[in-house]
Each structure stands twice: as structure tokens, then as C-alpha cells.
Amino acid sequence: MKKHSFGILLCATCDSAFVIGSLMANIKQKCGEKVDIFYLIHDGFKTSDKEALRKIAGESIVRFETFTKEDFLAKLNAFAKKPIKLNNHRFLGRWTHMVYACFEGFRFLDECKCIVYLDFDILLLQEIVHLKKLRQQGFVLGARRGKTSLANSCLAYQGRFQNTSVFQTPIIVYNDTLENPKECYDFIYQVSAQNPLNINDQGTFSLLVFEKNLKIKDLGNRYVGSVLWRKNHNPILIHAYGPKNRFWNNRLCNQIWNEWNAYYQAWLESGGSPNTKGFVANTTYGYERIRYHLAYKLGYCIIANYQSLLGCLKLPFLLALIALRHKKEARFYQKIIKLHPHLKLPPLESYEDYQSALLEKQTFSYCLGEALIEACKTFYKGGILKFFATAKNLRKEAYDRMLSRH
């Protein structure tokens, strides 16, 4: 049997069929007929919604596979010593069993050369068919490397990789050059069944990569564009993560990324069921706004580079570059909101998560950058020397806070 060249894997519960339909319309608009097959993993899609999805897919094949909570438990219990029930599970209570549906990509590599999984809260800004090239480059998988440690993802894990940062799973590239994909699939459920605290899609996926020493491509920041558009640098996609922060339920996110509405309209015109819940939040992501401040950027850069001699030598140039780029971006922002008023961001004080976002101003990164800005204003009066003393105190305070939390 001739293999498909390129497939897309999407997953959702029945009440999110409209999201999958909108994303499919988005994918078709960006990738055209280069998508050979859509693998749609669902928990109860209606017949009418399935027909609408086939209509949007056009010439692309659509394959539906059910993935219920009972299916998920059965897969886990196949490797469990005693039955797992998962009532009130910390991780699944927030994300549901569908987070593990992303691993169904392993099952389809016998019929498709390259499969790309996408979270349902993604908006493509560019085509992604170019990810097929990873296969020729020798990579069996592709995902973006995060900063969270494996120990923080899988709370029960205490092995040799516990301090290694995990790979994130909003986008995963599967290539059929991977040896024994069925074995990899079983590994995911076996590790999760050994201790239910290990149930975490990113942690378990990363442990698979580390334990089996798989060749994986770090996709980088262009594959995790922020809804705060000012932070982005030519992103491939936008990931609107968070239950109240998505294109269809957050008023500000919907306003900024209003092209999503055109894809949703295509879904409705295909006969798909509408979104009945509407907006549940007006403005969120306040912490992202604060992390965009110059103080946070400078402090983060200092922390990232001061531990090595080379980093310390580069710091003055890196900090100057950050300051210049920030000023340039501020000028660009004023220019762009005149041309596109809908991109203007509301006052930070109006954000629903404003109070919690203010906690970012108390972080070591922000305080350190703030101290540097103040020092530069009085450098001729010994401001830089004062900065080193302030930095030492800030570091001690941050360390004391960390100890008190433990």
C-alpha cells in the first residue's frame, strides 16, 4: 500500500467540533491540497459535524477515530498492576483525557510518512507542510523544547532526567523513520500506568525521547507564537493556551486574531454546529504584558548569561541590543495601531488577571532589570556600583523566598 505523504492529527471532545472545523478551514487555506489525510480523534462528534468536517477537508481524506475516557482508562489499565480510576486527578481534572490523544500519531505511521499533531487552540499564520523536511534531515520526531523540568511535569519521577527540560506538545511531528512506533505508544501508557502522578502528556512524551534517545528536532519559538502579538517575531502559528484565553472565548484574543472568525464562518457555512457558549472572558494574559516590559527582558537576560565568563563578557552588548530593539518595537507599535486600530491593546489595569499579573513585577528577573534601568540613569554618580549591591540583595531575597516555599 502506498503511504500518504503528509497528514494532520487533530483531537477534541464533542463540544469542540466547531473548533476543529475552524482549524481545519485554517489548515486548508494555508496548506491547500498538500494535506493528504486528516486524522480526527474525537469523543462523540455528531454525524452532521462529521459531514461538515468532510466538506471542509475537500480532496483530503478524513479518518475519524473515537477516544473516550473509557478508551483511555483501558489503555492505562492494560499496563496497571491494579485498576486505575483517576477520580479527581489533578492533571486530568484540568485538561481531560483528550490530552493523550495526541499520541495516536504513533499508530498511523504505518500508513503515513509524516504526521503533524496540532492542539485545537492553534491558529496557523503560515503553511506547515515544510515540516516534512525533518524526515529527510534524519529527525524521527519534532517538538518545541520548553523550560519546565521533567520532575515538575511528572511529580513521581526521580530518575536521571529529572532536571532535564521537557518537550512541549502543542505541536508534534511524527516521521515514519521512527523505529517501533507501537513500542513507543505502549511506553507512553506503561510509564503513566506505573504511577498515576506520571500522567502528563509533556512529561511522558519527553521521558520517551530521553529514555530511548530519539532524534528529535527542537522546533523553537516560531512554533509557539504568543497571543500578545508584540512579542512575536515572524511566527508560524499562534497558540492561545489557557481555558479562558482562546480565539473563540476571549474577547481581546478574538479581536486581535480576528482572522479566526473567517475560518469559523467557513465551518458554519459547511453546516457545522455553532459555538453556543460565547465569550467567557474579556481581557487576560496580563502577565504576558508585564513580561514584555523592558525591565523583565533585561533581568531575564542577566540571569541567563551571568553564570559563564563568556556570557558575562557578552552581557553589555546583549543588554544594549535588547534596549535598542525594545525602543524600535515601541515606535513600530505606535505606527501599526494607526494603520490597524484593532491591534491596540487596552490599559493593563483593565485586564481581568491584573492583580495576579502584578506578581510578575515581584520576580527576580523584573526587579533586577528595574534596578539596572535606575542605575543607568545615575551611572555618572556611581549608579552601576550601586546596582551590583542591589543585585546581590535581590538574589538573596529571591533565594530566601524559594526556601520559604519549600
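Given the structure is predicted, the values throughout are model-derived calculations rather than measurements.

Topic: the overall build of the protein chain
Tallying secondary structure elements over the protein chain gives 16 helices and 11 strands in all. For the protein chain, the C-alpha radius of gyration of 23 Å lies close to 22 Å, the compact-globule estimate for 406 residues. With the principal axes as the frame, the protein chain shows a C-alpha extent of 75 × 55 × 45 Å. Expressed as a percentage of the 406 residues in the protein chain, the buried residues total 50%. Within the protein chain, counting contacts between residues at least 6 apart in sequence, those at least 24 apart form 76% of the total. Of the roughly 20,900 Å² of accessible surface on the protein chain, a fraction of 53% belongs to carbon and sulfur atoms. For the protein chain, the distance from the average site of its 57 positive side-chain charges to the average site of its 35 negative ones is 8 Å.

Observations regarding helix α7 (residues 181-194)
Here α7 is 14 residues long and its end C-alpha atoms lie 20 Å apart, about the 20 Å a rise of 1.5 Å per residue gives. Within α7, the full set of buried residues consists of C184, Y185, F187, I188, Y189, V191, S192 and A193. Against α3 (69-77) and α8 (201-211) lie the buried residues of α7.

Quick word on the environment of C184
Mapped onto the elements, C184 comes out in helix α7. Judged by relative accessible area, C184 falls into the buried class, the value being 2%. Measuring from C-alpha to C-alpha, the distance between C184 and V280 comes to 38 Å, with 96 residues separating the pair along the chain. Discounting residues that sit within four places of it in the chain, C184 has contacts with F106, L178, E179, L208 and K212.

Section: a nonpolar patch on the surface
A contiguous nonpolar surface patch, about 600 Å² in accessible area, is contributed by F379, Y380, I384, L385 and F388. The residue Y380 is located in the loop between α15 (364-377) and α16 (383-405) in this model.

Description of the packing of aromatic side chains
Under the criterion given, the structure shown has 21 aromatic pairs. Between F167 and F210, the ring centres sit 6.3 Å apart and the planes meet at 50°, which makes this aromatic pair tilted. Here the residue F167 occupies a position in strand β8 (residues 165-167), and F210 occupies one in helix α8, the gap between them amounting to 43 residues. Each member of the pair, F167 as well as F210, carries the same accessibility label: buried. With centroids separated by 5.9 Å and ring planes inclined at 35°, the aromatic side chains of W248 and W260 adopt a geometry described as tilted. Of this pair, W248 sits in the loop between β11 (237-239) and α9 (251-256) while W260 sits in helix α10 (residues 259-269); the two residues are 12 residues apart in sequence, bridging distant segments of the chain. We classify W260 as buried; its relative accessible area is 5%.

Some points on the environment of S226
Along the chain, S226 turns up in the loop between β10 (216-218) and β11. A relative accessible area of 10% means that S226 is categorised as buried. With residues near it in sequence (within four places) discarded, S226 still touches K231, N232, I238, W257 and E288.

Cut-off values and rules
Residues numbered from 1 in each chain as written. Predicted model: local features only at pLDDT ≥ 70, side-chain atom pairs only at ≥ 80, totals over all residues. Heavy atoms only, no water. Helix = DSSP H or I, 4+ residues; strand = E, 2+ residues; numbered from the N terminus. Rg over C-alpha atoms; globule rule 2.2 N^0.38 Å. Buried < 20%, exposed > 50% of the residue type's maximum accessible area, 1.4 Å probe, protein only. Contact = heavy atoms within 4.5 Å. Areas by Shrake-Rupley, 256 points an atom, 1.4 Å probe, with all protein chains shown as cover. Lys, Arg positive; Asp, Glu negative; His and termini not counted. Charge placed at Lys NZ, Arg CZ, Asp CG, Glu CD. Expected span 1.5 Å × (residues − 1). Patch = residues over 30% accessible without salt bridge, like charges linked within 9 Å, V, L, I, M, F, W, Y side chains within 5 Å. Salt bridge = Lys/Arg side-chain N within 4 Å of Asp/Glu carboxyl O. Phe/Tyr/Trp six-rings, centres within 6.5 Å; stacked < 30°, edge-to-face > 60°.

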